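# Structure assessment
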Amino acid sequence: MIASLPMYDRPELAASYNALWAGIRGAYPGDLPEKLTRGGDPWGQWQSPDLAFSQTCGLPYRMALHETTDLIGTPDYGLPGCPPGYYRSVIVARDAAAGPVLAVNDARSQSGWAAAVAHGAAFQRVQITGGHAASAAAV
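Heads up: these notes are all about the structure in this document. The structure displayed is predicted, hence computed values, not measured ones.

For the rest of this paragraph, the subject is the nonpolar core. With seven residues, the main nonpolar core is built from Ala3, Leu5, Tyr17, Trp21, Leu32, Leu36 and Phe53. Those residues within four positions of leucine 36 in sequence are excluded, and the remaining contacts are Ala3, Ser4, Leu5, Asp9, Tyr17, Asn18 and Trp21. With six residues, the next largest nonpolar core counts Trp43, Trp46, Cys57 and Leu65 among its residues.

Below is the structure:
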């Protein structure tokens, strides 16, 4: 079985995500994997018949996953100034002589792609990085 929390499960947060998973697993009445599945393709995991539990961004859920998975909750990370049910995207920029380039984790990301587009951001080129931390590093 696959259990993953791929959205922000970076090495520096592994201990926190292990604790989060232990709490979820302990509160869930079913049989869930003891450890999280880490790495690999989230889309492959989300569409696998072995999926038991995972986390996705809102856009992939609205685009396709709602047809094959059940939404059971939305995490609230308790960010200052961010009310329950909302999230915050941050756009960081630097001067670019070649024109504006948008570095995003995935073209199917709400916070990484759709939020910028919805707020009228215009870019000459998009660079897909594979993760939010990689997008920040690309800047």
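Structure's up, so let's keep going.
Attention now moves to the pairing of strand β3 (residues 101–104). Bridging between β3 and strand β4 (residues 125–128) involves four bridges; their strand directions are parallel. Looking across to β4, one finds that valine 101 is bridged to arginine 125. Tracing the backbone out of β3, into helix α4 (residues 110–118) and back to the parallel element β4 gives a crossover that is right-handed.

Before going further, it helps to examine the packing of aromatic side chains. Applying the stated rule across the entire model yields three aromatic pairs. Measuring from ring centre to ring centre gives 5.3 Å for tryptophan 21 and phenylalanine 53, while their planes differ by 50°; the resulting arrangement is tilted. With tryptophan 21 in helix α1 (residues 14–27) and phenylalanine 53 in strand β2 (residues 51–53), this pair connects stretches of sequence that are 32 residues apart. Across the pair, exposure class does not vary: tryptophan 21 and phenylalanine 53 are buried alike. Taken together, a centroid distance of 5.4 Å and an interplanar angle of 70° make the contact between tryptophan 43 and tryptophan 46 edge-to-face. Note that tryptophan 43 and tryptophan 46 are positioned in helix α2 (residues 42–46) at a spacing of three residues, about one turn of the helix. In this pair, the class of tryptophan 43 matches that of tryptophan 46, namely buried.

Position of alanine 138 relative to the elements: it lies in helix α5 (residues 132–138). With a relative accessible area of 29%, alanine 138 lands in the partly exposed category. Along the primary structure alanine 138 and glycine 81 are separated by 57 residues, whereas in three dimensions their C-alpha atoms are 27 Å apart. Setting aside its immediate chain neighbours within four residues, alanine 138 contacts Arg94, Ala103, Gln127 and Thr129.

Calculation notes
Residues numbered from 1 in each chain as written. Predicted model: local features only at pLDDT ≥ 70, side-chain atom pairs only at ≥ 80, totals over all residues. Heavy atoms only, no water. Core = buried A, V, L, I, M, F, W, Y, C linked by side-chain atoms within 4.5 Å. Buried < 20%, exposed > 50% of the residue type's maximum accessible area, 1.4 Å probe, protein only. Contact = heavy atoms within 4.5 Å. Pairing = 2+ DSSP bridges. Helix = DSSP H or I, 4+ residues; strand = E, 2+ residues; numbered from the N terminus. Right-handed = clockwise from strand over helix to strand, strands pointing away. Phe/Tyr/Trp six-rings, centres within 6.5 Å; stacked < 30°, edge-to-face > 60°.

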